[in-house]
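Overview (structure and organization)
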Amino acid sequence: MINQIFRRLIPKWISLIEFKNIPFNNQHKLFFSFPLPIVGAFVTGLCLSLLFAACSSTPTVNAPNPSATSVSNSASNAKVVRFGYQKTTVLLRAKGVLEKRLAPQGITVKWTEFQAGPQLLEAMNVGSIDIGPVGESPPIFAQAAGASLTYVVGTAATPASSAILVPQNSQIQKVTDLKGKRVAFQKGSSAHLLLVQALEKAGLKYTDIEPKYLAPADARAAFVKGSVDAWVIWDPFYAAAQEATKARVLIDGTGINKQGGYYLMTRKFVTENPQTVKAILEEIQNLEEWSKQNREEVAKTLAPVLGIDLETMKKATNRRTFGIVPIDDNLINLQQGVADTYYKLKLIPKEVNVKDAVLTKEEYAAFSPKT
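Let me begin by describing the structure that accompanies this report. Values in this document were obtained by computation on a predicted structure and should not be read as measured data. (Residues numbered from 1 in each chain as written. Predicted model: local features only at pLDDT ≥ 70, side-chain atom pairs only at ≥ 80, totals over all residues. Heavy atoms only, no water.)

1. Some words on the overall build of the chain
Note the following rule: Going along the chain from the N terminus, every DSSP run of H or I of four or more residues is numbered as a helix, and every run of E of two or more is numbered as a strand. When accessible area is computed with a 1.4 Å probe and restricted to protein chains, residues below 20% of their type maximum are described as buried, those above 50% as exposed, and intermediate ones as partly exposed. The contact definition used throughout considers only heavy atoms, calling two residues in contact when any of these lie within 4.5 Å. In this description, accessible areas are obtained by the Shrake-Rupley approach with a 1.4 Å probe, and a residue is regarded as covered only by the protein chains that are shown.
Looking only at helices and strands, the chain has 17 helices and 11 strands in total. The buried share of the chain, taken over its 371 residues, is 47%. In the chain, of all internal contacts separated by at least 6 residues, the share reaching a separation of at least 24 is 78%. Surface exposure of the chain reaches about 18300 Å², of which carbon and sulfur atoms provide 54%.

2. Focus on the packing of helix α13 (residues 274-293) against helix α14 (residues 295-306)
For the record, the criterion: In this analysis an axis means a line fitted to C-alpha atoms, helices contributing only their contacting stretch, and an angle means the value between N-to-C directions, from 0 to 180 degrees. Throughout this description, any angle smaller than 35 degrees is read as roughly parallel, any larger than 145 degrees as roughly antiparallel, any in the 65 to 115 degree range as roughly perpendicular, and the remainder as oblique. Throughout this entry, Asp, Glu, Lys and Arg are counted as charged residues, while Ala, Val, Leu, Ile, Met, Phe, Trp, Tyr, Cys and Pro are counted as nonpolar. The remaining residues, Gly among them, count as polar.
Where α13 contacts α14, the two axes come as close as 5 Å, and the packing angle between them is 110 degrees. Considering their axes alone, α13 and α14 lie roughly perpendicular with respect to each other. Of α14, the residues touching α13 (which contributes Trp290, Ser291, Lys292 and Gln293) are Arg295, Glu297 and Val298. In terms of residue class, the contact of α13 with α14 is made up of 2 nonpolar, 2 polar and 3 charged.

3. Quick notes on the environment of Met265
Position of Met265 among the secondary structure elements: in strand β10 (residues 262-265). Exposure remark for Met265: the relative accessible area of 0% places this residue in the buried category. When the C-alpha positions of Met265 and Gly132 are compared, they lie 6.7 Å apart, and in sequence the two are 133 residues distant. Excluding residues that lie within four positions of it along the chain, Met265 makes contacts with Met124, Asp130, Ile131, Leu149, Thr150, Val152, Val270 and Val277.

4. Some details on helix α10 (residues 216-225)
A turn of α-helix holds 3.6 residues, and therefore any two residues three or four places apart point the same way. We count it as follows: Directions are taken from the helix axis to each C-beta atom, and the arc is the one they span.
Listed as buried for α10 are Pro216, Ala219, Ala222 and Phe223. Down the axis of α10, the buried side of the element spans an arc of 125 degrees, and every buried residue falls inside it. Counted as exposed and oriented over 90 degrees from the buried face of α10: Val224 and Lys225. Once α10 ends, the next one or two residues include Gly226, with phi positive near 90 degrees.

5. Here we look at the nonpolar core
Test applied: Here, nonpolar core refers to any group of buried Ala, Val, Leu, Ile, Met, Phe, Trp, Tyr and Cys residues whose side-chain atoms link them within 4.5 Å.
Formed by 105 residues in total, the largest nonpolar core has its most connected members in Phe83, Leu92, Tyr151, Leu165, Leu178, Leu195 and Tyr342. Considering each element in turn, this core owes the most residues, 7 residues, to helix α9 (residues 190-201). Every residue in contact with Tyr151, bar those within four places of it in the chain, is listed here: Pro139, Ile140, Gln143, Tyr262, Tyr263, Leu264, Ile327, Gln335, Val354, Ala357, Val358 and Tyr364.

6. Focus: the side chain of His192
Summarising the element assignment, His192 is placed in helix α9. A residue is classified by how much of its surface remains accessible, and His192, at 0% relative accessible area, is buried.

7. Digging into the sheet that holds strand β8 (residues 230-234)
To keep it simple, the criterion reads: Two strands make a pair as long as DSSP finds a minimum of two bridges between them.
Spatial ordering of the open sheet is given by β7-β6-β8-β5-β9, a layout of 5 strands whose pairing is mixed. Each edge of the open sheet carries a strand with a single partner, namely β7 (210-213) and β9 (248-252). Averaged over all adjacent pairs, the angle separating strand axes in this sheet is 30 degrees, with direction ignored. Bridge count for strand β5 (residues 162-166) against β9 is 4 bridges, and the pairing is antiparallel. Bridge pairing in β9 links Ile164 to Ile251. The strands touched by α10 are β5, β6 (182-185) and β8; relative to β8, the strand with the most contacts, the crossing angle is about 145 degrees. Strands in contact with helix α11 (residues 237-245) are β5, β8 and β9; relative to β8, the strand with the most contacts, it is inclined by about 130 degrees.

8. Quick word on the side chain of Glu288
Tracing the chain through its elements places Glu288 in helix α13. Relative accessible area serves as the criterion here: at 11%, Glu288 is assigned to the buried category. Contact partners of Glu288, with chain neighbours within four places excluded, come to Arg320, Phe322, Gly323 and Ile324.

9. Observations concerning empty space enclosed by the protein
Here is the rule we go by: Both cavities and pockets are sets of points on a 1 Å grid over the protein atoms alone; in a cavity a 1.4 Å probe fits but cannot get out, in a pocket the set is open with protein on both sides within 12 Å along at least five of seven lines, and lining residues sit with an atom within 4 Å of a point. Grid points are joined across faces, edges and corners, and a volume is the space filled by probe spheres set on the points.
By the definition in use, this model includes 3 cavities of 30 Å³ or more. Of the pockets and cavities examined, the largest cavity occupies roughly 640 Å³. Looking at the lining of the largest cavity, the elements that each hand over two or more residues are β3 (131-134), β10, α14 and α15 (310-318). Approximately 90 Å³ is the volume found for the second largest cavity. A total of 4 residues in the lining of the second largest cavity trace back to one element, the largest contributor, which is α13. Tallied by class, residues from the lining of the second largest cavity come to 6 nonpolar, 3 polar and 2 charged.

This is the structure:
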């Protein structure tokens, strides 16, 4: 019995320690900033505590674990949908459509904002959220790090909404001029892929530039300060930087980006709550369709929420493509191409099979809205 307990506990803690290779928010940095011996002592102590509890004469085997019960109930009973979002998708929260749709079933929505996709998927992997939208790259890095996630629907490609920016007076005039330059971007984000693709198209290698892995807020600060020579970023950060810093667009994603992003969920949530997932996706689709026809209203809604002036918000809204697309073979093949690209460049530690995070056609049919 003792050996069985240790076999179950130790691999789980080892996997958590190995997961340190992807970006972590401050909460997780706190844990992983300790020296490994201290972490090891903590893990050993925890294992021994659980071991003694299991071997104690007091019958504790049926005692509930409060945190585990909370996570399990929120997923299986769907009393709460924990939704992660970014500034690019804040409209869904601002309009309150999910709350209105799910309230009659006694389901509430809890929102958590993230600066970028990698941080959002990190939270999903550790069980803090159930669903969230990201670009095409974050799921690849997350899968490579061992995260468990599931693609539920794609979003329309919006190539003009991302760009490589340089200071207005920069001598950099074309992508080839980035050789040897410091380029800021969020590692494992859609901006990362845009940079890789733009360099390849220009005949440069990824090793020809000096990457600076920075989250959007930190990247903007470095860009304004002159600590980096270029910045790869997406809307609304892109539009705001154009207005505030008078940044010049070196190139955007037009003619380069062929796919959009994805809404992802934990596999447990999506398989146990197909009707709730269906309701969520229907509301997302309805909002996307409404947004196509009401771009000015979208801008007016988002400007005060994001603290961006209306004209800048209109610029970001007008170059965005709205809509969702089903997960099909074409999308899976495109996403596999992204995974293969990152592996070829040695930016992820192992090959990723996108299909490992994909459901069956029958499972998708149970909740996917008609597009």
